[in-house]
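If you want the building blocks of each chain, they are given just below.
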Amino acid sequence: MKKLIIALLISFASTSVFAGSHSPCGVTSGSINILANEFTTYRIFMDEVKSCAGPDADFNVTHSVDHNKLQVAALSANPAEFSAKLVTNGSITPLMNDGLIRPLDDLVAKYGSNLNDNQKITIDGKIYAVAFMANAQHLWYRESILNDLGIAVPSTYEEVIAAAEKIKAAGVMENPYAGAFKSGWNLGQEFVNMYLGHGGEFFKSGSAQPNVNNEKGVAALNVIKKLTELSNPDFLTQDTNAVKEEWESGNVALMHIWNSGAASLLDDEGDQNIKADTRLAPSPTVGGGNKPATTLWWDGIAIATNTSDENAESSFRALVGAASSTDLANNNPNATVWLIKGYTPGDTAGPVVDAASRGTTPYPSFPHMSLMHGALSTELVEFLQGNESAEKALADVEAAYIAKATEQGFL
Amino acid sequence: MPHRTFFWFILPTALAMILFIGLPIVSSFFQSLHIENEQVLMEVENCDPFGCTTNVRVDVEATEKIEAENPLGRFNGFGTYTDRNHLAFDEIREAWDNTSSIGEFKDIVLNLPFYKALLFTLTFCFAVTPPVIVLGFIVALSVNTLAKSLKGLIVFGTILPMIVTPLIGSLVLFWMIDSQGIIGASIQILFDDPNLSLKASSNLTWITLIIYGIWHNTPFAFVVFYAALQTVPQDPLEAAYIDGATRFERVRFIVIPHLYPVATFIMLICLMDNFRVFEPIIGFSAEGVAQSLSWMIYQDLRNENKMLFGSAGATSMLTILGIAFLLTPVLIRTWKEFKTER
């Protein structure tokens, strides 16, 4: 045993000494073309990527909230439209399904000496992505409003609903709660959170057969329904960015959105009184469960299979340079929870760390999960509008999923 | 025209049509008969910042091998056409057997994605087209009476809604009808209801989309009518004037009969255009309450996962059939008129 530990120590030491000889930054050859989601933290990250790539690099980045819809088509082309993609544990599966991202072991060995081991996303023994941040949705509240009405910070959704009702009844706000309920991916995600919070499983064990039309699913939908009744009546058109605007306009006292929202909610723009009053809290539990009703996410970098080795290497160098930049992390400690070596967590990291320590489930990475998420995105709307029952909506979800999964060859 | 001359005359057009319209349709049809190959799954160990777990993933190599042997996928016949997300034969049969009233049956059918989309598409088509023709005609008549110096400017202003890209136009309106936008806020004050939101209820969203459709399409009808108005013969108009016909009578008995074929043409184009309504749904973020056939195709091709080519192909074929079905009466009418004129 002792020998093994010594051997391991030596191997670690040697990797860091010899493999770290290549500095990733200052790219001069190949072209870098990145597809990424659109939110403030990614912008901050991309600024660092760009400065790491250096002035001589051929550097392009496309930020789009539709990145999930674009990625498979864009990376399937050969040569691919983008050399790299920022992925999450949700969006990596469709890319893995089609073999559209390449193993990074050799590049990590060459340029990744400053990475933490837990940044390396390993699938079947190979590194397919390098994570740089962790994210989760959690509760945000306006301290003064809760204090004025003598409401304790809610730790369950039942308390959230009671608190919102109290704020509404007191006439402080018309629609005190907000969440990203926009029909489409966002609405699907709200159900994923709430269903996992109730301890639900999306598929019958060991198969791709759907499993959402049950008591837990109905309970999850009913909680979502109650929350939407306390939200802006336009909730079906509001995504995370729209919810953040509502918050900054002072229309909302409680919301459940991404931790990375801190980057724009707590910056120096907008109403500073609201900013000073904004507090972060752990994600609530629901229905007597012990896990918070949210999901854990990592965001990372992945390199396209269908791009030249030269472009792959230069893209990886610029991205990994940022993903191992201690300065980036410590200059923006509140932009998100960085996974970067040497990062000292800021004030806003608490809820994500809390979620991880309480055993929150990471977003499911089944190959057929995105089909389930797609079915949830479209079939729940009628229930929230009061046009059909929860059971009917969930039966529709399962039927829509089965039709799609059959066509895709999963069933 | 001798057949030989006609043949050489039409050949370039026909070739282009076969190449750019015919072949893609055949290819889509072929796609729609196939579904993806079976995905081979395998168990792997995944490690990420939150720990290591055993998970399933697609065995890319094995799946690629099947793909190479069978690049089109599995033949499914008309299976995709009849599945739940399209014509849903099984579901309809079941609903027919298990429901006691027509209302109940209707509810179940209109809850199926294809029929839900068809209902909106047809409603949009038939609610937008008639007002477009009437409004386009009225606008054309009014502009026609303007002084020459004003006409250019007014014509430009009138066709603006058509010039604005549909997506941009609908986004602009989307923000205007927001509860804090100028139209949304005014409506709230007008009806004295601070919770009134055009985006929240499905009926109001449909009405908004229809009004947008009318706003966007009227300029087209206007332009065509306006051009046609320039061809109205002046002699009968003057004769009618001398005979003491009022302005209304002159329009009713001389202008309208003259413009009748033009109106049929506009109706044809409008029905066709409106049947593939799509951009306003995206622009107004109305996916939740209003889906059209085109939106279904978009959804299949812009799925979170792999594109559902078979499904999109099937919906496309059904859309083509739908348009053909819709236009048949108009085409028959035109053909009859054409024959009598000879």
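It should be emphasised that the depicted structure is a prediction, and the values quoted were computed from it without experimental measurement. (Residues numbered from 1 in each chain as written. Chains lettered and ligands numbered in written order. Predicted model: local features only at pLDDT ≥ 70, side-chain atom pairs only at ≥ 80, totals over all residues.)

Observations regarding the domain arrangement of chain A
The accessible area lost on association of the parts is a frequent measure of interface size. Residue and element names in this part refer to chain A. According to the domain assignment, chain A contains domain 1 (19-135 + 296-353) and domain 2 (136-295 + 357-408). Across the boundary between the two partners, domain 1 contributes 22 residues, which contact 23 residues of domain 2. At the level of secondary structure, the elements contributing two or more residues to the side of domain 1 that touches domain 2 comprise helix H2 (40-53), helix H4 (92-97), strand E9 (296-303) and helix H15 (350-357). The leading source of residues in the side of domain 1 that touches domain 2 is H15, at 4 residues. Grouping the constituent residues of the side of domain 1 that touches domain 2 by class yields 10 nonpolar, 12 polar and no charged. (Domains from an automatic or database assignment. Contact = placed C-beta atoms within 7 Å. Helix = DSSP H or I, 4+ residues; strand = E, 2+ residues; numbered from the N terminus. Nonpolar A, V, L, I, M, F, W, Y, C, P; charged D, E, K, R; others polar.)

Topic: helix H12 (residues 247-275) of chain B
With 29 residues, H12 of chain B extends only 36 Å from end C-alpha to end C-alpha; this falls clearly short of the ideal 42 Å at 1.5 Å per step. Looking at H12 of chain B, one finds that the buried residues are Val-255, Leu-259, Ile-266, Cys-270, Asn-274 and Phe-275 of chain B. (Expected span 1.5 Å × (residues − 1). Buried ≥ 20, exposed ≤ 12 C-beta atoms within 10 Å, placed from the backbone.)

Let's talk about the packing of helix H4 (residues 89-98) of chain B against helix H5 (residues 102-109) of chain B
Residue and element names in this part refer to chain B. Two elements in contact, H4 and H5, have axes whose closest approach is 9 Å; the angle formed by their N-to-C orientations is 160 degrees. With respect to H5, the axis of H4 lies roughly antiparallel. Pair H4 / H5 crosses with right-handed handedness. Facing Ile-92, Ala-95 and Trp-96 of H4, the residues of H5 in contact are Phe-105, Ile-108 and Val-109. Taken together, the residues of the contact of H4 with H5 break down into 6 nonpolar, no polar and no charged. (Axes fitted to C-alpha atoms, helices over the stretch in contact; angles between N-to-C directions. Parallel < 35°, antiparallel > 145°, perpendicular 65-115°, else oblique. Left-handed = near helix turned anticlockwise from the far one by under 90°.)

Describing the environment of Ser-202 of chain B
Within the element layout of this structure, Ser-202 of chain B appears in helix H10 (residues 202-229). Through-space distance from the C-alpha of Ser-202 of chain B to that of Leu-268 of chain B is 28 Å; in sequence the pair is 66 residues apart. Every residue in contact with Ser-202 of chain B, bar those within four places of it in the chain, is listed here: Gln-385 of chain A together with Val-289 of chain B.

Observations regarding the pairing of strand E4 (residues 120-123) of chain A
Alignment of E4 of chain A against strand E5 (residues 126-142) of chain A, held across 4 bridges, turns out to be antiparallel. Its bridge partner being in E5 of chain A, Ile-123 of chain A is matched across the sheet by Lys-126 of chain A. Pairing analysis gives 2 bridges linking E4 of chain A to strand E2 (residues 41-48) of chain B, with the strands arranged antiparallel. Across the sheet, Thr-122 of chain A pairs through a bridge with Cys-47 of chain B, a residue of E2 of chain B. (Pairing = 2+ DSSP bridges.)

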